[in-house]
Amino acid sequence: MLSRLARPAAALHRGLATTAQNNAKVAVLGASGGIGQPLSLLLKNSPLVSRLSLYDIAHTPGVAADLSHIETRASVKGFLGPEQLPECLKGCDVVVIPAGVPRKPGMTRDDLFNTNASIVATLTSACAKHCPEAMICIISNPVNSTIPITSEVFKKHGVYNPKRIFGVTTLDIVRANTFVAELKADPARVSVPVIGGHAGKTIIPLISQCTPKVDFPQDQLEKLTGRIQEAGTEVVKAKAGAGSATLSMAYAGARFVFSLVDAMNGKEGVIECAFVKSEETESPYFSTPLLLGKNGIEKNLGIGKISPFEEKMVAEAMSELKASIKKGEEFAKNFK
């Protein structure tokens, strides 16, 4: 029996195991930023990665020089500015995109749209041209819109493969595991699937599917669910204008990349949730547990059996999800 999701404690340590095929070439676009730097550090620390290509519009030579002194096997090279982007992407197996502006207090993820939509469209256009076969992992918010943008850009270039484009929602799972564990158990053992999207009420933690099984009275369940949905805002407020979730997002991003590379290397039974093209609901994109394989998504495992409380959340998320997706698709169609 497969565990529904990768066990969180093993998630980063898997990156510290060695196999014969640990030769992933990974690019981080937005490597000098608040997420990009700690994410690049975690990737450099993993023997799964043989080459790390770091791209940004400022400071990448310094970040790359700094990381290149670490005594692990991944070679590190920094690339600066649009003219160096094609070389950065050449031959990459996985591209992770945390580029963009962070949320500030009072902002929703949707408020980031205008700036980040252009950044994602520009970067994914370069990916479609220079590494069309790579796995594309989008962290840049709003993910509910940036994934449809990425898909439309790849379609325009005639290289679209929905099995290889992922909206990284892993931080929602990491938070759900942590908050449930605070109330019930050891975080290393807790695994909660989180479905839907990656903003506010579209984030739907399936606590009824938690392993090990947990029970909460309804009022506590509602409070816990609300905390998972608004956890990003919790960090934005606590940082008081100095940014959004960067360290926990870097951890979650690295966990997703390690799972993906493990699966690409032939490891069986690797399952992670991600926001992807989907036929599981009436929303054209939806996050559910995915069985990962050598070519990306091997099988969408769907929503499974959920509680009436969770069914209601799915129904209530639909209009917001569809609107965010449409907004992304419209933007991409008009993007030159």
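Predicted, not measured: the structure shown is a model, and the values here were computed from it.

S.K.: I tried to follow the UniProt feature "domain: Lactate/malate dehydrogenase N-terminal" (unreviewed entry) in the protein chain on my own but got confused; where do I start?
M.R.: UniProt's entry tags residues 25-167 with the feature "domain: Lactate/malate dehydrogenase N-terminal" (unreviewed entry), counted in the numbering of this structure. Along residues 25-167 one finds 38% helix and 21% strand; the C-alpha atoms at either end are 19 Å apart.

S.K.: Please explain the nonpolar core as it appears in this structure.
M.R.: Generally speaking, a soluble globular protein has its nonpolar side chains buried in company with each other. Counting residues in each nonpolar core, the largest one holds 44 residues, and the members touching the most others are L29, L89, V95, I97, C127, I136 and I149. Counting residues per element, the ones that place at least two in this core are β1 (24-29), α4 (85-89), β4 (94-97), α5 (113-130), β5 (135-138), α6 (143-156), β10 (285-293) and α11 (308-334). The leading source of residues in this core is α5, at eight residues. Both domains that meet at this core, namely domain 1 (24-168) and domain 2 (170-324), each give it at least three residues. Discounting residues that sit within four places of it in the chain, L89 has contacts with A27, L29, V95, A126, C127, H130 and C131. Counting residues in each nonpolar core, the second largest holds 42 residues, with L67, F256, A263 and V276 among its members.

S.K.: Got a minute to help me understand the environment of I303 in this structure?
M.R.: Mapped onto the elements, I303 comes out in the loop between β11 (296-300) and α11. Take I303: its relative accessible area is 15%, and that puts it in the buried class. When the C-alpha atoms of I303 and A254 are compared, they prove to be 24 Å apart, with 49 residues separating the residues in sequence.

S.K.: What is the right way to look at the UniProt feature "domain: Lactate/malate dehydrogenase C-terminal" (unreviewed entry) in the protein chain in this model?
M.R.: UniProt tags residues 169-331 as "domain: Lactate/malate dehydrogenase C-terminal" (unreviewed entry). As annotated, residues 169-331 comprises 47% helix and 17% strand, and the C-alpha atoms at either end are separated by 22 Å.

S.K.: What is the right way to read the domain arrangement of the protein chain from this model?
M.R.: Accessible area lost upon the coming together of the parts is a frequently used measure of interface size. As far as domains go, the protein chain holds domain 1 (24-168) and domain 2 (170-324). Centre-to-centre, using C-alpha coordinates, domain 1 lies 21 Å away from domain 2. At the junction of the two partners, domain 1 supplies 35 residues and domain 2 supplies 43 residues. Buried surface at the junction of domain 1 and domain 2, both sides included, amounts to about 3300 Å², of which 70% is carbon and sulfur. On inspection of domain 1 and its partner domain 2, the count reaches zero salt bridges. Counting every contact that joins domain 1 to domain 2 gives eight residue pairs in polar contact (both at pLDDT 80 or more). When contributions to the side of domain 1 that touches domain 2 are tallied by element, the ones reaching two or more residues are α2 (36-44), β4, β5, α6 and β6 (165-167). Broken down by element, the side of domain 1 that touches domain 2 gets its largest block of residues, six residues, from α6. Taken together, the residues of the side of domain 1 that touches domain 2 break down into 22 nonpolar, seven polar and six charged.

S.K.: Which parts of the structure should I look at to understand the pattern of salt bridges?
M.R.: Applying the stated rule across the entire model yields eight salt bridges. With a closest N to O distance of 3.1 Å, E152 and K155 form a salt bridge. Taken together, the residues E152 and K155, both in helix α6 and three residues apart, mark about one turn of the helix. You can call E152 buried: its relative accessible area is 11%. In this structure, R227 and E234 form a salt bridge, with 3.1 Å as the shortest nitrogen-oxygen distance. By relative accessible area, R227 is classed as partly exposed at 30%. By relative accessible area, E234 is classed as partly exposed at 38%.

S.K.: Before we go on, may I ask you to explain unusual backbone geometry in this structure?
M.R.: Peptide bonds are mostly trans, and most non-glycine residues show a negative phi. Here the residue pair N141 and P142 is connected by a cis peptide bond, since its omega of -5° sits within 30 degrees of zero. Note that P142 resides in the loop between β5 and α6. Positive phi outside glycine occurs at H59, with the angle close to 70°. For H59, the position within the fold is in the loop between β2 (49-56) and α3 (60-68).

S.K.: How should I be thinking about the pairing of β2 in this particular structure?
M.R.: Within a regular strand, the side chains alternate between the two sheet faces. Where burial is concerned, most of β2 is hidden: seven out of the eight residues are buried. As for the winding sense of the linkage, the β-α-β connection from β1 through α2 to β2 is right-handed. Where β2 and strand β3 (residues 75-80) come together, six bridges link them in parallel fashion. Paired with D56 across the bridge in β3 is L80.

Parameters and conventions
- The residue numbering used here restarts from 1 in each chain and proceeds along that chain's sequence as written.
- A pLDDT threshold of at least 70 governs which residues receive local features in this predicted model, and a stricter bar of 80 or more applies before side-chain atom pairs are shown or counted, although totals over entire chains, interfaces and linings include all residues.
- To obtain the side-chain values, all non-hydrogen atoms of the structure were used and water was disregarded.
- UniProt positions are given in the numbering used here, feature names are shortened, and annotations may be inferred rather than shown by experiment.
- To qualify as a helix, a DSSP run of H or I must reach at least 4 residues; to qualify as a strand, a run of E must reach at least 2; elements of each kind are numbered from the N terminus.
- The nonpolar core is taken to be a set of buried Ala, Val, Leu, Ile, Met, Phe, Trp, Tyr and Cys residues, with the residues joined through side-chain atoms within 4.5 Å.
- Only protein chains enter the accessibility calculation, which uses a 1.4 Å probe; a residue is then buried when its area is under 20% of its type maximum, exposed when over 50%, and partly exposed in between.
- Segment limits for the domains were obtained from an automatic or database-derived domain assignment.
- The contact criterion used throughout is that any non-hydrogen atoms of two residues lie within 4.5 Å.
- Values labelled buried area give the accessible surface lost by two parts on being combined, using a 1.4 Å probe and summing over both.
- In the sections that follow, a salt bridge refers to a side-chain nitrogen of Lys or Arg positioned within 4 Å of a carboxyl oxygen of Asp or Glu.
- We call two N or O atoms a polar contact when they sit within 3.5 Å, provided that within protein one can donate a hydrogen and the other can accept it, with sequence-adjacent residues counted only if both atoms are side-chain atoms.
- Gly is put with the polar residues, along with every residue not named as nonpolar or charged; the nonpolar set is Ala, Val, Leu, Ile, Met, Phe, Trp, Tyr, Cys and Pro, and the charged set is Asp, Glu, Lys and Arg.
- A clockwise path from the first strand over the helix to the second, with the strands pointing away from the viewer, defines a right-handed crossover.
- At least two bridges found by DSSP between two strands is the condition for calling them paired.

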